[in-house]
Amino acid sequence: MTVGHFIDGQWIYSGDSVTTTSPSDGETVAEYHRSDSEILSLATASARRCFESDAWRSRSRLRAQFLLELADQISAVKEDLSVKIALESGKVITQVRHEVQAAINECVYYAGLARATFGRTAEFDEGQQSLFTREPIGVAAIIVPWNAPATLLIRSLAPAVAAGCTSVIKPAHESAGTHGILMGCIASCPSLVPGAINSINDGGVSISKELVTDPEVDVISYTGSSQTGKLIMEASSSSLKRLSLELGWWGLRYRLLRVPHARRDRRPQSPLDPERVILPVHRPRTVRRARGGDSASKRDPLWFVGLGLHGYPPGRPAGGAEN
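Parameters and conventions
- Residues numbered from 1 in each chain as written.
- Predicted model: local features only at pLDDT ≥ 70, side-chain atom pairs only at ≥ 80, totals over all residues.
- Heavy atoms only, no water.
- Helix = DSSP H or I, 4+ residues; strand = E, 2+ residues; numbered from the N terminus.
- Buried < 20%, exposed > 50% of the residue type's maximum accessible area, 1.4 Å probe, protein only.
- Contact = heavy atoms within 4.5 Å.
- Axes fitted to C-alpha atoms, helices over the stretch in contact; angles between N-to-C directions.
- Parallel < 35°, antiparallel > 145°, perpendicular 65-115°, else oblique.
- Left-handed = near helix turned anticlockwise from the far one by under 90°.
- Nonpolar A, V, L, I, M, F, W, Y, C, P; charged D, E, K, R; others polar.
- Expected span 1.5 Å × (residues − 1).
- Phe/Tyr/Trp six-rings, centres within 6.5 Å; stacked < 30°, edge-to-face > 60°.
- Lys NZ or Arg CZ within 6 Å of the ring centre and 35° of its normal.
- 1 Å grid on protein atoms, 1.4 Å probe; cavity = no way out; pocket = protein on both sides within 12 Å on 5 of 7 lines; lining within 4 Å.
- Points joined across faces, edges and corners; volume = space filled by probe spheres on them.
- Core = buried A, V, L, I, M, F, W, Y, C linked by side-chain atoms within 4.5 Å.

## Considering the overall build of the protein
Of regular secondary structure, the protein possesses 10 helices and 14 strands. Buried positions account for 44% of the 323 residues belonging to the protein. Residue pairs at least 24 apart in sequence account for 65% of intrachain contacts in the protein once pairs closer than 6 positions are excluded.

## Here's the deal with unusual backbone geometry
Even without a glycine there, the phi angle at D8 is positive, about 55°. Along the chain, the position of D8 falls in the loop between β2 (5-7) and β3 (10-12).

## A word on the packing of helix α2 (residues 60-76) against helix α4 (residues 93-114)
Their axes nearest at 8 Å, the elements α2 and α4 cross at an angle of 165°. Considering their axes alone, α2 and α4 lie roughly antiparallel with respect to each other. At the point where α2 passes α4, the crossing takes the left-handed sense. Where α2 approaches α4, its residues S60, R63, A64, L67, L68, L70, A71, I74 and S75 are matched on the opposing element by V100, I104, C107, V108, Y110, A111 and A114. Tallied by class, the residues present in the contact of α2 with α4 amount to 13 nonpolar, two polar and one charged.

## Some thoughts on α2
If you check α2, its first and last C-alpha atoms are 25 Å apart, about what 17 residues at 1.5 Å a residue would give, namely 24 Å. For α2, the complete set of buried residues consists of L62, R63, A64, F66, L67, E69, L70, A71 and I74. The inward-facing, buried residues of α2 contact α3 (78-89), α4, α5 (151-163), α6 (176-187) and β10 (197-199).

## Focus: the packing of aromatic side chains
Any pair of aromatic rings gets described here by the distance separating the centres and the angle formed by the planes. The full count for this structure, using the stated rule, is four aromatic pairs. Both rings, one in Y109 and one in Y110, keep their centres 4.9 Å apart while their planes meet at 85°; by these two values the pair is edge-to-face. Classification of Y109 by relative accessible area gives exposed; the value is 52%. Of the aromatic side chains, those joined through ring pairs into one cluster are F6, W11 and Y13. Over the ring of F51 we find R57, and its NZ or CZ is 4.5 Å from the ring centre. Directly above the aromatic system of F132 lies the positively charged group of R120, at a separation of 4.6 Å from the ring centroid.

## Here we look at the layout of surface pockets
Any empty space left between the atoms is revealed when a probe the size of a water molecule rolls over them. In this structure, the second largest pocket spans a volume of roughly 700 Å³. Around the second largest pocket, the lining comprises 32 residues; the ones closest to its centre are P159, A160, A162, A163 and C165. Counting only elements with at least two residues in the lining of the second largest pocket, the list comes to α2, α4, β8 (139-143), α5, β11 (219-224) and β12 (242-247). Of all the elements, α5 adds the most residues to the lining of the second largest pocket, at six residues. Class assignment for the residues of the lining of the second largest pocket results in 19 nonpolar, six polar and seven charged.

## Regarding the nonpolar core
Formed by 43 residues in total, the largest nonpolar core has its most connected members in W56, F66, L70, I74 and I197. At the level of elements, α2, α3, α4, α5 and α6 are the ones that each hand at least two residues to this core. Per-element accounting of this core gives the leading share, eight residues, to α4. Ignoring sequence-local partners within four residues, the contact set of L70 consists of C107, I154, C185, I186 and C189. Residues I200, V212, Y222 and I232 belong to the second largest nonpolar core, which totals 17 residues.

## Quick word on α6
In a regular helix each residue adds 1.5 Å, so 12 residues correspond to 16 Å; α6 covers 16 Å between its end C-alpha atoms and thus fits that length. Where α6 is concerned, the buried positions are A176, G177, T178, H179, G180, I181, L182, M183, C185 and I186.

Geometric values such as these leave the question of function open.
In structure tokens:
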């Protein structure tokens, strides 16, 4: 499988060829072409041209139909997509199937929302009214991580489509094969307007910097580390781009405790690990209770954690947790 760039409704196969490998056995999973500055410029220009043409942003019924078509396209390749995600990310296949189904559900949800974006009126003086309307902001840059490449792509792309924005997507290089299947689904939708959704493969840090500072980009959606999120905020501040950042909690003033007997995810890099409990350091009593120093009560947040994972009776600490 070779993954190219999808720009203005066409596949472009240019740039250095790189492969993705399975973390379980090191075998090659997919091949993709790296992006460069020229490819990036083509993608952002295409997205801007489509947005300014009104062929996409002014047609809410078309955008809703596209999202329903995308849900059908993903459903048709659900098993193949699930296997590809499992191979590239190392996730358990049963968990991946839930992730893919969540992506399908989000497409259907935002298809309804695309036709339900209303404004409002306000009477601010006698015989005078103000009309408030909602308008798409412009071109959205969507930077997708590798650990949930289906759900986290659709979670950002679908609301952008519903709002009437055009998009430029940059996936993680580790999940290029997965992204290729998803972009194949997008490209196969009859209602897609050329230029409304563009995708460039990973091209290194320099291309990411160019994307978040590109003058054609109006809003950025990013999921990843807090450190990279700060760099994106700094780089995009000069043009006052809107940001939607889902960042890791590392570096924040929180304390990580462990609940040893909780049911664990099978991947140590997963953010969905019930053994890890994050507590604010400014609430020392809660931290002491987590360590078993105080008796937990039903009003203690950790009581609910303990109940859900262990079935502790009232009055028994949810402890056994260690720093």
